[in-house]
Amino acid sequence: TVEQMRTLLEHVRGAWWELVILLGGLYGLRLSEILGLRWRNVDLESGSIYVVEQLPYQLPPGTTKLTEMAPVKSGVRTLPITDSIRPYFQSQLALQEEQRHQASAAGEPYYENDLVVPKPNGSPRRRECVSSDFRDLLRRLDMPHIRFHDLRHSAATNMHQLTGDFFTVSQILGHSLKGAGIQLGISSNLDTVTAQYVDVRLERKLFVLDVYHRAVLETKT
């Protein structure tokens, strides 16, 4: 729920988990899309995230350099960066610059993979490890057990409940209308062909995301 998302984010404030959970729970990105997101696909000036690739599956343990990425599962999509989320990206940029300086001062390598949420030395995080660590995180916080992927479902449900905009939610998640309908329990009879005729403008995506992000991140008076 919105309230549980708010509680979870309060517990991980300032930790490396924070941006990962924001992208999963507030944008509905898949874990592989989050771990494979590169700065070249985050345009802070125009305020856009381009979901065009994801971390390769079965990344070998100890991998430090990425030579190639995998295509996204549900097609390329563009998502707006809301004013609520922008500071988190800016903080992450500053943190990574500090980590580079620390590695250089200690004479240790920093692996330039251009990743938004890498390990402190720049190497990629493995999807299986993050998924397992997320389960342990929820257990320590005494929060309901869910898979990391369920944050994607939470994002879909919360955005739909707050705005009622079924079409835009399906576009944000990169779902077909039929797939989104099944997930949200709306209908199983939607024709997937209809999806190609639904053109959701970036402004509408921004509105739906902004309503949800404000509900979670802004302190209510």
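Calculation criteria
- Residues numbered from 1 in each chain as written.
- Predicted model: local features only at pLDDT ≥ 70, side-chain atom pairs only at ≥ 80, totals over all residues.
- Heavy atoms only, no water.
- Salt bridge = Lys/Arg side-chain N within 4 Å of Asp/Glu carboxyl O.
- Helix = DSSP H or I, 4+ residues; strand = E, 2+ residues; numbered from the N terminus.
- Pairing = 2+ DSSP bridges.
- Axes fitted to C-alpha atoms, helices over the stretch in contact; angles between N-to-C directions.
- Parallel < 35°, antiparallel > 145°, perpendicular 65-115°, else oblique.
- Contact = heavy atoms within 4.5 Å.
- Nonpolar A, V, L, I, M, F, W, Y, C, P; charged D, E, K, R; others polar.
- Buried < 20%, exposed > 50% of the residue type's maximum accessible area, 1.4 Å probe, protein only.
- Lys, Arg positive; Asp, Glu negative; His and termini not counted.
- Polar contact = N/O pair within 3.5 Å; in protein donor to acceptor, adjacent residues only side chain to side chain.

Draft legend 1. A look at the pattern of salt bridges. Under the criterion given, the structure shown has 14 salt bridges. The closest approach of N and O atoms between Arg38 and Glu53, which form a salt bridge, is 2.6 Å. With Arg38 in the loop between helix H3 (31-35) and strand E1 (42-43) and Glu53 in strand E3 (residues 53-54), this pair connects stretches of sequence that are 15 residues apart. When the shortest N-O distance is used, the salt bridge between Glu128 and Arg127 registers 3.7 Å. Each of Arg30, Glu33 and Arg77 takes part in salt bridges that share partners, so that together they form one network.

Draft legend 2. Summary view of the pairing of strand E2 (residues 48-51). Strand direction decides the pairing type here: E1 and E2, joined by two bridges, are antiparallel. Pairing of Asp43 across the sheet is with Ser48, part of E2. Adjacent in sequence and paired antiparallel, E1 and E2 are bridged by four residues, among which Gly47 carries a positive phi angle near 75°. The pairing of E2 with strand E5 (residues 77-80) spans four bridges and is classified as antiparallel. Along E5, the bridge assignment pairs Tyr50 with Thr78.

Draft legend 3. Representation of the sheet that holds E2 in the model. Ordered in space as E1-E2-E5, the three strands form an open sheet in which the pairing is antiparallel. Every other strand in the sheet has two partners, leaving E1 and E5 as the edge strands with one partner each.

Draft legend 4. Molecular detail of the packing of helix H6 (residues 150-163) against helix H9 (residues 202-217). Taken N-terminus to C-terminus, the directions of H6 and H9 make an angle of 100°; their axes are 9 Å apart at the nearest point. As far as their axial angle goes, H9 and H6 are roughly perpendicular. In this structure, H6 contributes Ser154, Ala155, Asn158, Met159, Leu162 and Thr163 to the contact, and H9 contributes Val208, Leu209, Val211, Tyr212 and Ala215. Residue composition of the contact of H6 with H9, by class: eight nonpolar, three polar and no charged.

Draft legend 5. Representation of the side chain of Arg125 in the model. Following the sequence through the fold, Arg125 ends up in the loop between helix H4 (86-105) and helix H5 (127-140). Asp133 provides the closest opposite charge to the buried, salt-bridge-free Arg125, at an N-O distance of 6.4 Å. A polar contact is formed between the side chain of Arg125 and the backbone oxygen of Pro118, at a distance of 3.2 Å. In contact with Arg125, other than residues within four places in its own chain, are Trp16, Leu35, Leu55, Leu59, Val117, Pro118, Lys119, Pro120 and Val130.

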